[in-house]
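One letter stands for each residue in the lines below.
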Amino acid sequence: MLKVLRKPIVSGLALALLLPIGSTVSAETNISNKPGISGLTAPQLDQRYKDSFTIGAAVEPNQLLDAKDSQMLKRHFNSIVAENVMKPSSLQPVEGQFNWEPADKLVKFAKENGMDMRGHTLVWHSQVPDWFFKDANGNSMVVWQNGKQVVADPSNLEANKKLLLSRLETHVKTVVSRYKDDIKSWDVVNEVIDEWGGHPEGLRQSPWFLITGTDYIKVAFKTARQYAAPDAKLYINDYNTEVTPKRTYLYNLVKSLKEQGVPIDGVGHQSHIQIGWPSEKEIEDTINMFAELGLDNQITELDVSMYGWPVRAYPTYDSIPAQKFIDQADRYDRLFKLYEKLGDKISNVTFWGIADNHTWLNDRADVYYDADGNVVTLANAPYAKMEARSGKDAPFVFDPEYNVKPAYWAIIDHK
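The text that follows walks through the structure, step by step, so that each part is easy to find. (Residues numbered from 1 in each chain as written. Predicted model: local features only at pLDDT ≥ 70, side-chain atom pairs only at ≥ 80, totals over all residues. Heavy atoms only, no water.)

Re the overall build of the protein
Secondary structure assignment for the protein yields 13 helices and 14 strands. The C-alpha atoms of the protein give 22 Å as radius of gyration, which agrees with the globular expectation for 415 residues (22 Å, within 12%). Overall, the C-alpha framework of the protein stretches about 70 × 55 × 40 Å when taken along its three principal axes. Sequence-distant contacts, at least 24 apart, represent 79% of the contacts inside the protein between residues at least 6 apart. (Helix = DSSP H or I, 4+ residues; strand = E, 2+ residues; numbered from the N terminus. Rg over C-alpha atoms; globule rule 2.2 N^0.38 Å. Contact = heavy atoms within 4.5 Å.)

Okay, structure coming up:
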(Lines give C-alpha, C1' and ligand atoms only; values in the text may rest on other atoms or scores of the structure.)
Protein backbone atom coordinates (compact mmCIF):
# COMPACT_ATOMS: atom_id res chain seq x y z
CA MET A 1 0.00 0.00 0.00
CA LEU A 2 1.04 3.64 -0.02
CA LYS A 3 3.35 3.85 2.97
CA VAL A 4 2.39 6.46 5.53
CA LEU A 5 5.27 8.74 6.47
CA ARG A 6 5.65 9.22 10.20
CA LYS A 7 6.17 12.93 10.77
CA PRO A 8 5.70 15.21 13.74
CA ILE A 9 2.51 17.22 14.03
CA VAL A 10 2.65 20.13 11.60
CA SER A 11 1.24 23.50 12.56
CA GLY A 12 -1.53 25.13 10.55
CA LEU A 13 0.89 27.71 9.13
CA ALA A 14 3.39 25.07 8.08
CA LEU A 15 0.64 23.07 6.45
CA ALA A 16 -0.46 26.10 4.49
CA LEU A 17 3.07 26.43 3.18
CA LEU A 18 2.99 22.80 2.09
CA LEU A 19 -0.08 23.33 -0.10
CA PRO A 20 0.93 24.68 -3.50
CA ILE A 21 -1.52 27.26 -4.82
CA GLY A 22 -3.58 25.91 -7.67
CA SER A 23 -2.32 22.35 -7.26
CA THR A 24 -4.42 19.41 -8.35
CA VAL A 25 -3.86 15.67 -8.54
CA SER A 26 -3.69 15.54 -12.32
CA ALA A 27 0.04 14.89 -11.87
CA GLU A 28 0.87 12.00 -9.57
CA THR A 29 3.77 13.87 -7.95
CA ASN A 30 1.44 16.53 -6.57
CA ILE A 31 -0.10 13.91 -4.30
CA SER A 32 2.56 11.32 -3.66
CA ASN A 33 4.89 13.80 -1.97
CA LYS A 34 2.31 15.25 0.40
CA PRO A 35 2.99 14.62 4.09
CA GLY A 36 1.42 11.54 5.67
CA ILE A 37 0.03 13.27 8.72
CA SER A 38 -2.64 12.23 11.17
CA GLY A 39 -6.22 13.14 10.38
CA LEU A 40 -6.53 14.06 14.04
CA THR A 41 -4.46 17.19 13.39
CA ALA A 42 -4.95 17.75 9.64
CA PRO A 43 -6.82 20.80 8.30
CA GLN A 44 -10.58 20.48 8.75
CA LEU A 45 -12.68 19.19 5.87
CA ASP A 46 -15.86 20.91 6.99
CA GLN A 47 -14.13 24.28 7.10
CA ARG A 48 -12.75 23.75 3.62
CA TYR A 49 -16.31 23.47 2.26
CA LYS A 50 -18.15 25.76 4.66
CA ASP A 51 -19.14 28.13 1.83
CA SER A 52 -20.63 25.32 -0.28
CA PHE A 53 -22.17 22.55 1.83
CA THR A 54 -21.94 20.76 5.15
CA ILE A 55 -19.73 17.67 5.45
CA GLY A 56 -21.21 14.64 7.20
CA ALA A 57 -20.35 11.12 8.32
CA ALA A 58 -22.44 8.04 9.09
CA VAL A 59 -21.77 6.67 12.56
CA GLU A 60 -22.78 4.01 15.04
CA PRO A 61 -23.24 4.91 18.74
CA ASN A 62 -20.25 2.80 19.82
CA GLN A 63 -17.98 5.00 17.68
CA LEU A 64 -18.77 7.94 19.93
CA LEU A 65 -17.05 6.02 22.75
CA ASP A 66 -13.86 5.63 20.74
CA ALA A 67 -11.54 8.55 21.40
CA LYS A 68 -10.16 8.73 17.86
CA ASP A 69 -13.52 8.34 16.11
CA SER A 70 -15.01 10.99 18.36
CA GLN A 71 -12.10 13.37 17.78
CA MET A 72 -12.23 12.83 14.00
CA LEU A 73 -15.95 13.62 13.96
CA LYS A 74 -15.45 16.81 15.93
CA ARG A 75 -12.55 17.94 13.77
CA HIS A 76 -13.71 17.20 10.22
CA PHE A 77 -17.50 16.95 10.18
CA ASN A 78 -20.32 19.36 10.95
CA SER A 79 -23.07 16.84 10.22
CA ILE A 80 -23.73 13.23 11.22
CA VAL A 81 -26.27 10.56 10.37
CA ALA A 82 -27.10 7.24 11.99
CA GLU A 83 -25.71 4.35 9.99
CA ASN A 84 -28.34 1.94 11.36
CA VAL A 85 -29.94 2.94 14.66
CA MET A 86 -32.68 5.16 13.23
CA LYS A 87 -34.00 2.55 10.81
CA PRO A 88 -37.44 1.08 11.66
CA SER A 89 -36.13 -2.26 12.92
CA SER A 90 -33.91 -0.45 15.40
CA LEU A 91 -36.35 2.20 16.58
CA GLN A 92 -39.52 0.09 16.81
CA PRO A 93 -38.65 -3.62 16.77
CA VAL A 94 -41.97 -4.43 18.46
CA GLU A 95 -45.13 -2.51 17.72
CA GLY A 96 -45.54 0.30 20.21
CA GLN A 97 -42.18 -0.37 21.88
CA PHE A 98 -39.61 2.22 20.82
CA ASN A 99 -35.90 1.84 21.48
CA TRP A 100 -34.69 5.43 21.65
CA GLU A 101 -31.41 5.13 23.53
CA PRO A 102 -28.96 4.48 20.62
CA ALA A 103 -30.44 7.22 18.43
CA ASP A 104 -30.64 9.61 21.37
CA LYS A 105 -26.88 9.22 21.89
CA LEU A 106 -26.19 10.40 18.36
CA VAL A 107 -28.58 13.32 18.67
CA LYS A 108 -26.99 14.35 21.97
CA PHE A 109 -23.50 14.18 20.46
CA ALA A 110 -24.56 16.31 17.50
CA LYS A 111 -26.16 18.94 19.73
CA GLU A 112 -23.19 19.12 22.09
CA ASN A 113 -20.81 19.65 19.19
CA GLY A 114 -22.84 22.05 17.08
CA MET A 115 -23.45 19.52 14.31
CA ASP A 116 -26.44 19.03 12.05
CA MET A 117 -28.19 15.67 12.44
CA ARG A 118 -29.73 13.90 9.44
CA GLY A 119 -32.59 11.46 10.02
CA HIS A 120 -32.15 8.14 8.19
CA THR A 121 -34.53 6.54 7.41
CA LEU A 122 -38.25 6.60 8.20
CA VAL A 123 -39.33 4.05 5.56
CA TRP A 124 -37.32 1.31 3.84
CA HIS A 125 -38.04 -2.11 2.39
CA SER A 126 -35.09 -3.50 4.36
CA GLN A 127 -34.44 -3.43 8.12
CA VAL A 128 -38.16 -3.11 8.78
CA PRO A 129 -39.68 -5.46 11.38
CA ASP A 130 -42.14 -8.12 10.20
CA TRP A 131 -44.93 -6.89 12.46
CA PHE A 132 -45.59 -4.00 10.09
CA PHE A 133 -46.82 -6.55 7.53
CA LYS A 134 -48.97 -8.77 9.77
CA ASP A 135 -52.74 -8.49 9.36
CA ALA A 136 -55.22 -8.10 12.21
CA ASN A 137 -55.09 -11.87 12.81
CA GLY A 138 -51.30 -12.04 12.86
CA ASN A 139 -50.95 -13.50 9.38
CA SER A 140 -48.47 -12.23 6.81
CA MET A 141 -49.90 -9.72 4.37
CA VAL A 142 -47.44 -10.90 1.70
CA VAL A 143 -45.94 -14.30 0.92
CA TRP A 144 -43.30 -15.66 -1.42
CA GLN A 145 -44.46 -17.45 -4.57
CA ASN A 146 -42.22 -18.52 -7.44
CA GLY A 147 -39.35 -16.42 -6.21
CA LYS A 148 -41.24 -13.17 -5.64
CA GLN A 149 -43.48 -11.60 -3.03
CA VAL A 150 -47.23 -11.42 -3.66
CA VAL A 151 -50.29 -10.34 -1.70
CA ALA A 152 -51.32 -13.24 0.52
CA ASP A 153 -55.06 -12.52 0.60
CA PRO A 154 -56.29 -10.17 -2.14
CA SER A 155 -59.80 -10.19 -0.64
CA ASN A 156 -58.39 -8.54 2.50
CA LEU A 157 -56.21 -6.03 0.66
CA GLU A 158 -58.15 -2.87 1.52
CA ALA A 159 -58.28 -3.68 5.23
CA ASN A 160 -54.57 -4.50 5.24
CA LYS A 161 -53.75 -1.31 3.35
CA LYS A 162 -55.61 0.77 5.92
CA LEU A 163 -53.87 -1.04 8.78
CA LEU A 164 -50.40 -0.73 7.24
CA LEU A 165 -50.77 2.97 6.47
CA SER A 166 -52.03 3.57 10.00
CA ARG A 167 -48.94 1.86 11.41
CA LEU A 168 -46.71 3.85 9.10
CA GLU A 169 -48.33 7.12 10.08
CA THR A 170 -47.89 6.31 13.77
CA HIS A 171 -44.24 5.40 13.29
CA VAL A 172 -43.38 8.52 11.30
CA LYS A 173 -45.36 10.79 13.63
CA THR A 174 -43.70 9.37 16.74
CA VAL A 175 -40.14 9.48 15.41
CA VAL A 176 -40.35 12.89 13.77
CA SER A 177 -42.12 14.43 16.75
CA ARG A 178 -39.44 13.22 19.14
CA TYR A 179 -36.65 14.79 17.11
CA LYS A 180 -38.54 17.80 15.80
CA ASP A 181 -36.15 20.28 17.41
CA ASP A 182 -33.01 18.29 16.58
CA ILE A 183 -33.27 17.00 13.00
CA LYS A 184 -33.77 19.31 10.04
CA SER A 185 -33.07 16.84 7.19
CA TRP A 186 -35.02 13.58 6.91
CA ASP A 187 -34.59 10.67 4.50
CA VAL A 188 -38.31 9.99 4.51
CA VAL A 189 -38.39 7.06 2.10
CA ASN A 190 -35.41 5.03 0.96
CA GLU A 191 -34.83 2.98 -2.21
CA VAL A 192 -38.32 2.95 -3.70
CA ILE A 193 -36.99 2.39 -7.24
CA ASP A 194 -35.89 -1.02 -8.53
CA GLU A 195 -34.97 -0.64 -12.18
CA TRP A 196 -34.65 -4.39 -12.73
CA GLY A 197 -37.73 -5.46 -10.77
CA GLY A 198 -40.08 -5.67 -13.74
CA HIS A 199 -42.50 -2.87 -12.88
CA PRO A 200 -43.15 -0.67 -15.94
CA GLU A 201 -42.45 2.51 -13.95
CA GLY A 202 -39.50 1.04 -12.07
CA LEU A 203 -41.24 0.98 -8.70
CA ARG A 204 -39.83 -1.45 -6.17
CA GLN A 205 -42.40 -4.17 -5.56
CA SER A 206 -41.82 -4.30 -1.83
CA PRO A 207 -44.51 -5.23 0.68
CA TRP A 208 -45.13 -1.49 1.08
CA PHE A 209 -45.92 -1.14 -2.60
CA LEU A 210 -47.78 -4.43 -3.02
CA ILE A 211 -50.22 -3.47 -0.27
CA THR A 212 -50.53 0.30 -0.68
CA GLY A 213 -49.24 1.22 -4.14
CA THR A 214 -47.48 4.58 -3.87
CA ASP A 215 -49.73 5.70 -1.03
CA TYR A 216 -47.08 4.71 1.53
CA ILE A 217 -44.73 7.28 -0.01
CA LYS A 218 -47.41 9.97 0.10
CA VAL A 219 -48.44 9.19 3.67
CA ALA A 220 -44.83 9.13 4.87
CA PHE A 221 -44.04 12.54 3.38
CA LYS A 222 -47.29 14.18 4.42
CA THR A 223 -46.97 12.88 7.97
CA ALA A 224 -43.35 13.96 8.20
CA ARG A 225 -44.28 17.41 6.93
CA GLN A 226 -47.02 17.70 9.53
CA TYR A 227 -44.80 16.83 12.52
CA ALA A 228 -41.31 17.97 11.48
CA ALA A 229 -39.95 21.42 12.19
CA PRO A 230 -41.28 24.06 9.79
CA ASP A 231 -37.82 24.52 8.27
CA ALA A 232 -37.03 20.80 8.03
CA LYS A 233 -36.24 19.38 4.58
CA LEU A 234 -37.70 16.07 3.44
CA TYR A 235 -35.79 13.82 1.03
CA ILE A 236 -36.41 10.78 -1.11
CA ASN A 237 -33.18 8.77 -1.00
CA ASP A 238 -31.81 6.17 -3.43
CA TYR A 239 -28.69 4.62 -4.96
CA ASN A 240 -27.52 4.60 -8.61
CA THR A 241 -29.42 7.82 -9.19
CA GLU A 242 -26.72 8.91 -11.63
CA VAL A 243 -27.47 6.31 -14.31
CA THR A 244 -30.37 5.35 -16.51
CA PRO A 245 -32.86 3.82 -16.41
CA LYS A 246 -32.98 4.33 -12.64
CA ARG A 247 -32.48 8.07 -12.83
CA THR A 248 -35.38 8.37 -15.29
CA TYR A 249 -37.69 6.25 -13.13
CA LEU A 250 -36.87 8.29 -10.02
CA TYR A 251 -37.25 11.60 -11.84
CA ASN A 252 -40.65 10.63 -13.23
CA LEU A 253 -41.84 9.46 -9.82
CA VAL A 254 -40.68 12.58 -8.00
CA LYS A 255 -42.13 14.87 -10.65
CA SER A 256 -45.49 13.09 -10.44
CA LEU A 257 -45.54 13.18 -6.64
CA LYS A 258 -44.67 16.89 -6.60
CA GLU A 259 -47.50 17.57 -9.05
CA GLN A 260 -49.84 15.76 -6.64
CA GLY A 261 -48.77 18.03 -3.80
CA VAL A 262 -46.54 15.56 -1.96
CA PRO A 263 -44.12 17.70 0.10
CA ILE A 264 -40.77 16.49 -1.23
CA ASP A 265 -37.99 19.03 -0.68
CA GLY A 266 -35.05 17.19 -2.15
CA VAL A 267 -33.37 14.07 -3.45
CA GLY A 268 -30.72 12.14 -1.58
CA HIS A 269 -28.13 10.55 -3.84
CA GLN A 270 -26.45 7.74 -1.93
CA SER A 271 -23.38 7.83 -4.19
CA HIS A 272 -21.90 4.43 -3.46
CA ILE A 273 -19.59 4.85 -6.41
CA GLN A 274 -16.31 3.52 -7.77
CA ILE A 275 -13.06 4.98 -9.02
CA GLY A 276 -14.26 4.65 -12.61
CA TRP A 277 -18.05 4.70 -12.36
CA PRO A 278 -20.29 6.62 -12.89
CA SER A 279 -18.92 9.50 -14.94
CA GLU A 280 -18.78 13.05 -13.63
CA LYS A 281 -21.07 14.07 -16.48
CA GLU A 282 -23.71 11.60 -15.34
CA ILE A 283 -23.46 12.95 -11.81
CA GLU A 284 -23.72 16.56 -12.98
CA ASP A 285 -26.68 15.81 -15.23
CA THR A 286 -28.46 14.12 -12.34
CA ILE A 287 -27.99 17.02 -9.93
CA ASN A 288 -29.15 19.50 -12.55
CA MET A 289 -32.22 17.42 -13.49
CA PHE A 290 -33.57 17.37 -9.97
CA ALA A 291 -32.58 20.96 -9.28
CA GLU A 292 -34.70 21.98 -12.26
CA LEU A 293 -37.69 20.55 -10.39
CA GLY A 294 -36.95 23.06 -7.64
CA LEU A 295 -35.43 20.41 -5.38
CA ASP A 296 -32.38 20.42 -3.16
CA ASN A 297 -29.76 17.70 -3.58
CA GLN A 298 -27.74 15.95 -0.90
CA ILE A 299 -24.97 13.38 -1.31
CA THR A 300 -26.05 11.08 1.47
CA GLU A 301 -23.86 7.95 1.59
CA LEU A 302 -20.63 8.71 -0.25
CA ASP A 303 -17.88 6.16 -0.58
CA VAL A 304 -15.50 5.57 -3.49
CA SER A 305 -14.76 1.86 -3.81
CA MET A 306 -11.38 0.74 -5.07
CA TYR A 307 -13.11 -1.90 -7.18
CA GLY A 308 -15.59 -2.35 -9.98
CA TRP A 309 -18.51 -4.75 -10.08
CA PRO A 310 -18.51 -7.62 -9.39
CA VAL A 311 -15.92 -6.91 -6.74
CA ARG A 312 -12.53 -8.60 -7.01
CA ALA A 313 -10.75 -7.30 -3.95
CA TYR A 314 -7.27 -7.46 -2.48
CA PRO A 315 -7.09 -9.68 0.62
CA THR A 316 -5.50 -7.11 2.96
CA TYR A 317 -5.34 -3.34 3.17
CA ASP A 318 -1.56 -3.40 2.83
CA SER A 319 -1.77 -5.37 -0.43
CA ILE A 320 -3.77 -2.67 -2.23
CA PRO A 321 -1.29 -1.15 -4.75
CA ALA A 322 -0.12 2.42 -4.21
CA GLN A 323 -1.38 3.39 -7.66
CA LYS A 324 -4.94 2.53 -6.60
CA PHE A 325 -4.74 5.23 -3.92
CA ILE A 326 -3.48 7.73 -6.48
CA ASP A 327 -6.32 6.81 -8.84
CA GLN A 328 -8.79 7.19 -6.00
CA ALA A 329 -7.36 10.60 -5.17
CA ASP A 330 -7.81 11.72 -8.76
CA ARG A 331 -11.42 10.54 -8.64
CA TYR A 332 -12.07 12.41 -5.38
CA ASP A 333 -10.45 15.50 -6.86
CA ARG A 334 -12.76 15.53 -9.87
CA LEU A 335 -15.74 14.66 -7.72
CA PHE A 336 -15.36 17.48 -5.21
CA LYS A 337 -14.55 19.98 -7.91
CA LEU A 338 -17.92 19.06 -9.39
CA TYR A 339 -19.71 19.22 -6.05
CA GLU A 340 -18.26 22.66 -5.41
CA LYS A 341 -19.24 23.81 -8.90
CA LEU A 342 -22.79 22.70 -8.10
CA GLY A 343 -22.66 24.04 -4.55
CA ASP A 344 -25.79 26.15 -5.00
CA LYS A 345 -27.70 22.92 -5.73
CA ILE A 346 -26.11 20.66 -3.09
CA SER A 347 -26.55 21.39 0.61
CA ASN A 348 -24.74 18.43 2.20
CA VAL A 349 -22.13 15.79 1.34
CA THR A 350 -22.09 12.87 3.78
CA PHE A 351 -19.51 10.08 3.79
CA TRP A 352 -20.88 6.66 4.73
CA GLY A 353 -18.24 6.32 7.41
CA ILE A 354 -15.28 8.10 8.95
CA ALA A 355 -12.15 6.17 8.00
CA ASP A 356 -11.21 2.94 6.22
CA ASN A 357 -11.31 0.90 9.42
CA HIS A 358 -15.12 0.77 9.26
CA THR A 359 -16.98 0.32 5.97
CA TRP A 360 -19.89 -1.80 4.81
CA LEU A 361 -18.02 -2.36 1.55
CA ASN A 362 -15.86 -5.01 3.22
CA ASP A 363 -19.00 -7.13 3.37
CA ARG A 364 -18.84 -7.55 -0.40
CA ALA A 365 -15.05 -7.58 -0.84
CA ASP A 366 -14.69 -11.06 -2.35
CA VAL A 367 -11.15 -12.27 -3.10
CA TYR A 368 -10.35 -14.45 -6.12
CA TYR A 369 -7.28 -16.69 -6.51
CA ASP A 370 -5.76 -18.53 -9.46
CA ALA A 371 -4.51 -22.11 -9.28
CA ASP A 372 -1.15 -20.95 -7.95
CA GLY A 373 -2.69 -18.95 -5.11
CA ASN A 374 -2.15 -15.55 -6.68
CA VAL A 375 -4.80 -12.89 -6.21
CA VAL A 376 -6.85 -12.27 -9.36
CA THR A 377 -8.29 -8.78 -9.69
CA LEU A 378 -9.06 -8.42 -13.41
CA ALA A 379 -12.80 -8.68 -14.00
CA ASN A 380 -12.75 -11.35 -16.70
CA ALA A 381 -9.63 -13.26 -15.72
CA PRO A 382 -10.03 -16.98 -14.90
CA TYR A 383 -9.75 -18.05 -11.28
CA ALA A 384 -9.57 -21.26 -9.28
CA LYS A 385 -11.36 -20.26 -6.09
CA MET A 386 -13.17 -17.38 -4.46
CA GLU A 387 -13.32 -16.46 -0.79
CA ALA A 388 -16.36 -14.36 0.04
CA ARG A 389 -16.02 -11.24 2.17
CA SER A 390 -12.37 -11.94 2.88
CA GLY A 391 -10.90 -8.79 1.37
CA LYS A 392 -10.59 -5.11 2.15
CA ASP A 393 -11.90 -1.99 0.47
CA ALA A 394 -10.60 1.51 1.18
CA PRO A 395 -13.33 4.01 0.24
CA PHE A 396 -12.62 7.08 2.38
CA VAL A 397 -10.02 9.84 2.64
CA PHE A 398 -8.58 8.60 5.96
CA ASP A 399 -6.82 5.25 6.37
CA PRO A 400 -7.50 2.66 9.12
CA GLU A 401 -5.09 4.45 11.47
CA TYR A 402 -6.82 7.81 10.79
CA ASN A 403 -3.92 9.12 8.71
CA VAL A 404 -4.70 11.21 5.67
CA LYS A 405 -4.66 9.49 2.27
CA PRO A 406 -3.87 10.99 -1.13
CA ALA A 407 -7.62 11.46 -1.53
CA TYR A 408 -7.65 13.77 1.47
CA TRP A 409 -5.03 16.05 -0.07
CA ALA A 410 -7.00 16.00 -3.30
CA ILE A 411 -10.15 17.43 -1.76
CA ILE A 412 -8.59 19.70 0.86
CA ASP A 413 -6.49 21.52 -1.73
CA HIS A 414 -7.96 20.85 -5.16
CA LYS A 415 -8.11 24.52 -6.08
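Still more ground to cover, so stick around.
Some words on the nonpolar core
Within the largest apolar cluster, 114 residues are counted, with the highest numbers of intra-cluster contacts made by L73, W186, I236, L302, F336, Y339 and F351. A per-element tally of this core places helix α12 (residues 322-341) first, with 7 residues. Ignoring sequence-local partners within four residues, the contact set of Y339 consists of F53, S271, I283, I299, L302, I346 and V349. (Core = buried A, V, L, I, M, F, W, Y, C linked by side-chain atoms within 4.5 Å. Buried < 20%, exposed > 50% of the residue type's maximum accessible area, 1.4 Å probe, protein only.)

Things to note about the packing of aromatic side chains
A complete count under the given rule lists 22 aromatic pairs for this structure. Their ring planes at 85° and their centres at 6.5 Å tell us that F53 and Y339 sit as a pair that is edge-to-face. Of this pair, F53 sits in the loop between α3 (45-48) and β1 (54-59) while Y339 sits in helix α12, and the two are 286 residues apart along the sequence. Both residues of the pair, F53 and Y339, count as buried. Sitting over the ring of Y235, R118 keeps its end group 5.8 Å from the ring centre. Over the ring of Y368 we find R312, and its NZ or CZ is 4.4 Å from the ring centre. (Phe/Tyr/Trp six-rings, centres within 6.5 Å; stacked < 30°, edge-to-face > 60°. Lys NZ or Arg CZ within 6 Å of the ring centre and 35° of its normal.)

What to know about the layout of surface pockets
Estimates place the volume of the largest pocket at around 520 Å³. The wall of the largest pocket is formed by 22 residues, among which E191, Y239, Q270, H272 and W360 lie closest to the centre. (1 Å grid on protein atoms, 1.4 Å probe; cavity = no way out; pocket = protein on both sides within 12 Å on 5 of 7 lines; lining within 4 Å. Points joined across faces, edges and corners; volume = space filled by probe spheres on them.)

Points about the pairing of strand β8 (residues 266-269)
The side-chain alternation of β8 yields two buried faces, one formed by G266 and G268 and the other by V267 and H269. Of the pairings in the sheet, the one linking strand β7 (residues 233-238) to β8 comprises 4 bridges and is parallel in character. Bridge pairing in β8 places D238 opposite H269. Each parallel crossover has a hand, and the one from β7 via helix α10 (residues 246-259) to β8 is right-handed. Sheet topology note: the β8/strand β10 (residues 296-305) ladder contains 4 bridges and is parallel. Following the sheet pairing, G268 is matched in β10 by Q298. (Pairing = 2+ DSSP bridges. Right-handed = clockwise from strand over helix to strand, strands pointing away.)

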